[in-house]
Every structure is written in C-alpha cells, then in structure tokens.
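# Structure assessment
Listed below, chain by chain, are the residues.
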Amino acid sequence: MGNTLFDKIWDAHVVSSKEGFPDILYIDTHFIHEVTSPQAFDGLRKRGLPVLRPKQTVATADHNVPTWDQHLPIKEELSRYQVDMLTKNCAEFGVELYGLGHPYQGIVHVIGPELGITRPGGTYVCGDSHTSTHGAFGAIAFGIGTSQVEQVMATQCLLQSRPKRMKIEVNGKLQKGVGAKDIILYIISKTTAAGGTGYAVEYAGDTIRSLSMEGRMTICNMSIEMGARCGLIAPDDTTIEYVKGREFAPKGEEWDKAVAYWKTLYSDDDAQFDSVLSFNAEDIEPMITYGTNPGMGIGVTQHVPVTADVDPTEQKSYANSLAYMGVHDDESLIGKPIDYVFIGSCTNSRIEDLREVAAFVKGKHKADNVTVWVVPGSKQVQEQAIAEGLDKVFESAGFPLREPGCSACLGMNEDKIPAGKYCVSTSNRNFEGRQGPNSRTILASPLTAAAAAVTGKITDIRELLSEGELVG
Amino acid sequence: MSTKIFKHIQSTAVPLPIENIDTDQIIPARFLKATTREGFGNNLFRDWRFDENDNPKKDFVLNNPTYSGKVLVAGKNFGCGSSREHAAWALSDYGFDAVVSSFFADIFKGNALNNGLLPVQVSDDFLAKIFDELYSDKDAQIEIDLEQQVIRISNTGDEEAFEINPYKKACLINGYDDIDYILSNKALVEEFEAKQ
C-alpha cells in the first residue's frame, strides 16, 4: 500500500516510535513569539537547560505590537514588558530575533515562508495555532501550547501521536471574484468547526493546484478552524519557484539535492486516507460568516440558516450566536451596513492580498461610514507594497497602510474593534470578542472586504467586477 | 520536573451547556500579556463573567452561588481555536481539576493534560445525563477515577468509561513530565541528527 504525503514526512522525522507512547518527532524549525514563549524560557531556567538548537529557533514580535509608529516605544506597559522580555530571553539563550524595527520582522507565519525557512518536507511548530499555514509548502506544521514550546526548546523534539489522515479535494474552475479564502470558508462551513479534529488534512485537486503559494497558505492557515491538527499541500513547481532564491533557501548543490527530494513528496495513488471529502469549485460563492465560529459561513447571496433547522441540542448556542451578531433567522446580509474593514492577519496579509485589494480599489474611495485598516504581514511585505506604489493607491482610497503585526485579528494589541461594531475582516476567527470586547466579526476574502469598504455594506464582489476584471 | 499528580476526584460540578467554547472565551487575548503562569483564573471567561464595568453578570454560572466544584461540564468541541495554554492555566488557577465534554479540540486537550487538568470525553447521552442531574440536584457529585478510566454520577450510579492515552495517564498518575521523557532518549535524538 502506498503512503500519504503526511506519512512520508512524519516517518522521516520519527526519532522514536514505541508502543503505548506518542512518537518522538524531530522538529526542523521552531518559531517563537512574545506571547507564548516567556513561561517556556522560565521553565528552561528552572530546569537549568539551554535552548538545545538555537540555530533552529526563530523569533519575532508580532501579536502584541502596535501597527502605527513602531519606531516609538510601545505605549502600553504590559505589552512593552512582554516584547522586551522576548528580546532579553533571545539574547540570553542565543536565539535569532527579528524584532520590531528589523527588516525581517512580521507575523511569524508570513516571515517563515518569505525568508525561505519554511520548505517542503520539513516539520515546523510554533506556540500559535495558525502554524498550519506552513503546511502549504508540503510540510508538517502545527500549533503547540507553551509547555510544548518549552519541550521543543529543550529537546528539538515533540511528543506527538500520529493523527488520522483526511483528503479534501477541490476540482473545477473558480467563479470570478472567488479565491482561496472563499474556498476554505466554504470547506469549513461544510465540515463544521470541529469536523477536522484529529486529522492531518491534505488539500488536493486541480483547483488547489491552480492556486499561488499565497492562496495555498490561506487555505492551510485555516485548517485549525475546522479543528485539524494540520493542513498540507503537496509541493510542485509553484512551490519550488516560490522557495527558490529566498534568503535561507538552500543554494547550489544543496538546492538541487533538496529539489530532488521534494519531488518525491506526494501521496501515492494507492495511499489510504481515513476520510475523503470532495467539493466542486463552481459551487463556491464569495463567502461571509454570520455567526461566532468559522464554521458559520454562507455564500454572500445566501440567507442565515434558520434556528429550527439546527441540531436541537445546539439550538440555544446557535440562537445566542445570532443574537450576539445582531442577525436573525433567514436574513440576507447583502446590504447590511458595516463599520470597520480589516485587511491583514496571517491569513491574508501577503503581497498578493495587498495587490489584489489595490487593483480593485484603485480610483475608488472608502464609504464615509467605514474605517479601513490595511496591515501588511511583514516588514518585507510593507516595503514591497511601497515599492509598487500600493501605499499611494490605498491612501487615495482612504485605507492607511499600517505597519506589520497581528493587529486587529485578536484584540490583544492597540488595534481593537469597538463594542457592537461590525468588522468585515480578512482574518481567521469570528469568535465573540475576538477583535475586542463585544465586537462583531464577519470573515471574508480580501476582495469581499475591499468591496464592503467601498460600499459601506456587505456586498457581492461579483457585481462590482466588470467583464475581464481581475479573477480571484 | 514532576507535574501535578492526579488520581481520583469527587466533587460537585459547574454546568456550562454551550457548544464550541473557544479559548478566546476561556481567556481573551488582552489578558495574555502576563509573562508568568499564575493569576489567569481571575480572568477566566472574563467577558461572559463580567460586564464592561467589571461588574459580575448575574446570569453567568460562575457568578451563580448555586454551583461550584472542581469539575466543569461543558458542551461539545470545548477549547477550540487558539493554542494558548493560558486557557488551561486559567481553568486550573480558578480551581477546576477536570473538564467534562462530549468533544475536545486537540490542542486544548494536550495543553490540559500537560497541566494536570483532566479532559474527560463522554458520549452525548452521558453528557446530557450529567446536565440533567446537575439541574435537578445542584449538589450532585461527579466522580472521576483516572486509574479505572471511569466517570460516575454519584446520585444515580450512572457511569461511563473514558479514553486517555496510556502514556499521558501514567504521566498524570505519577507526575511524569514530557521533557524528562524525551531527555531520557537524548541519545536517539543525537543519533537522528547525525543521520541528517
């Protein structure tokens, strides 16, 4: 019997596999950030242990940083202390830090790939659930808790039981205005927010193959939103082209050797999956969420599902969720006024996302009732956007281009959505209060978010794209 | 280093029959600025527990003096979302030793086990029985026997077996630690690295 892509990579990283114990899995690169690492560094100190492989550990500050005036000291004392703590810990333990002001600083899941640290066949972990993003390169990548951060620091390994394998295939041609974000929101609306729990998910099919690396990262990023342990996509020429020439990518002979290995990384034809789901790209509309978990998504022209149609045991939670969002049974959300638009996060803050938004908003202006934030995923994305003049396009449209960080995705740093306000957001979670206490999040693609910014309400992007205009 | 030792508990319980409770509800991100593991219990379920002026919300179960105990009983897919271990720390710090649900998110489950907080996964039916019992008798006791892997409703005698990874079970009962285990296999790690 053949092997899945996931098993090929897992098997190549097993240090020890013993009956009754989780496997000891070798970790190629450990990404760390300011929020989930301080207690782990403390743990090492208490044990008197070093970071075993500091050169395989990469740090950045992203969650708890401002995205405006980054050259000034962080205003909020606790945030400043936490970011300073990362600097001190990295210096003490010999870990490379791409902190504020560094040309490589940015959201951990944006900088790993853009620096060529994330590569096919590797194993990557980080104290952040969206580590699944890196799976887009055909790698095993997942989020871990702080005790495990300490574990990887101390041993460069992780105790982990092998998950089950799921394949999700998407085939066919996407409609105009529909992109990677719509695909993954559509998938999660079908699987529910728990449907992937216990699985490593491989995305396959010609629609997935046709996506750029940025699109593939958007898909894998949200694997955790269906509960999956990780998501991955077999590497191909698109992947290899993306990695080639990046700062830390292999060079010369090493490169040739690496590429030869990467070409063996695919699921064999007769590989067995524990579960297989198939979807048609033609069925996918521009997607939006209406509730308080990412599984609560609908096509933009569809109506909010009726409470009576929901599983009886879940009706109370469902009704609470609609009440929180200020939406009702069978409502069409098209035309609903919104207050904020956030374009950013590890899901959608890469240069391609910014280019797509800029191409659409060029010559247009945001609606008066809306505040728009565009937050690049990294310093490099910001510099690239400026070099291409995208900042000027955004500025004329009333969308200030901010500085890199997680920003309004998680309601932790200064960028928060006020209580009761609606934010159309390109981020990944619409949980209650995720973007600030009592804020209301509507997840969408960068194009749908840009359309809402321009019209001031939930809009079907397809109606604003003229014939021949950009495709998702 | 040893972790907290866990064998058996018998306690009253707190019912929270909501599905898909995510870790942002358990501990909102704005409280993740602390650099130690202590004190998160004060902000457990912060935005469900307190209003914008920090006054307790009367209708939330943790503010209802009727219910208390070391066991939290919650709807399915508990702990979904962010990997923040602060969620497990907050539940432990508040005083919970176990969470019972019909389904747990992966990362939360691992984090809980690494902190001596036992996630007990039961069937939908058994979960419904526990809720029924707690609503008919606030003093109903829940017993969890980790060695036997059984959860029991004391009043009715209803019980159900639950699963747990045998290694993690041994860790909880004996206070073993993952890092000690991997370090005891350090030669294998070095051997693996040498082959790369």
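Residues numbered from 1 in each chain as written. Chains lettered and ligands numbered in written order. Predicted model: local features only at pLDDT ≥ 70, side-chain atom pairs only at ≥ 80, totals over all residues. Heavy atoms only, no water.

The name an unreviewed UniProt entry assigns to chain B is 3-isopropylmalate dehydratase small subunit, from the organism Mucilaginibacter agri. Checking UniProt for chain B, the heading Sequence similarities (unreviewed entry) contains the comment "Belongs to the LeuD family. LeuD type 1 subfamily." Under the UniProt heading Catalytic activity (unreviewed entry), the note attached to chain B is "(2R,3S)-3-isopropylmalate = (2S)-2-isopropylmalate". (UniProt positions renumbered as here; feature names shortened; annotations may be inferred.)

If you check an unreviewed UniProt entry, chain A appears there as 3-isopropylmalate dehydratase large subunit from Mucilaginibacter agri. Turning to chain A, the UniProt record has this under Function (unreviewed entry): "Catalyzes the isomerization between 2-isopropylmalate and 3-isopropylmalate, via the formation of 2-isopropylmaleate." Checking UniProt for chain A, the heading Catalytic activity (unreviewed entry) contains the comment "(2R,3S)-3-isopropylmalate = (2S)-2-isopropylmalate".

### As for the UniProt feature "binding site: [4Fe-4S] cluster" (unreviewed entry) in chain A
Residues and elements named next belong to chain A. With numbering aligned to this structure, UniProt lists the feature "binding site: [4Fe-4S] cluster" (unreviewed entry) at Cys346, Cys406 and Cys409. Separation in sequence by 64 residues is not matched in space for these annotated residues, since their most distant C-alpha atoms are only 8.8 Å apart. As for the largest cavity, its lining draws on Cys346, Cys406 and Cys409 from among the annotated residues. Within the secondary structure, cysteine 346 is located in the loop between strand 15 (340–343) and helix 12 (351–361). Apart from the residues within four sequence positions on either side, cysteine 346 is in contact with Ile107, His109, Val110, His130, Asn221 and Asn428. Locating cysteine 409 in the fold gives a position in the loop between helix 14 (390–397) and strand 17 (422–425). Not counting residues within four places of it along the chain, the set of residues in contact with cysteine 409 comprises Phe342, Ser345, Ser427, Asn428, Arg434 and Gln435. (1 Å grid on protein atoms, 1.4 Å probe; cavity = no way out; pocket = protein on both sides within 12 Å on 5 of 7 lines; lining within 4 Å. Helix = DSSP H or I, 4+ residues; strand = E, 2+ residues; numbered from the N terminus. Contact = heavy atoms within 4.5 Å.)

### Brief notes about the interface of chain A and chain B
With 66 residues of chain A at the contact, the number on the chain B side is 52 residues. Summing the contributions of chain A and of chain B, the shared interface buries around 4,800 Å²; its carbon and sulfur component is 58%. At the junction of chain A with chain B, the criterion picks out seven salt bridges. For the pair chain A and chain B, the interface holds 22 residue pairs in polar contact (both at pLDDT 80 or more). (Buried area = accessible area lost by both parts, 1.4 Å probe. Salt bridge = Lys/Arg side-chain N within 4 Å of Asp/Glu carboxyl O. Polar contact = N/O pair within 3.5 Å; in protein donor to acceptor, adjacent residues only side chain to side chain.)

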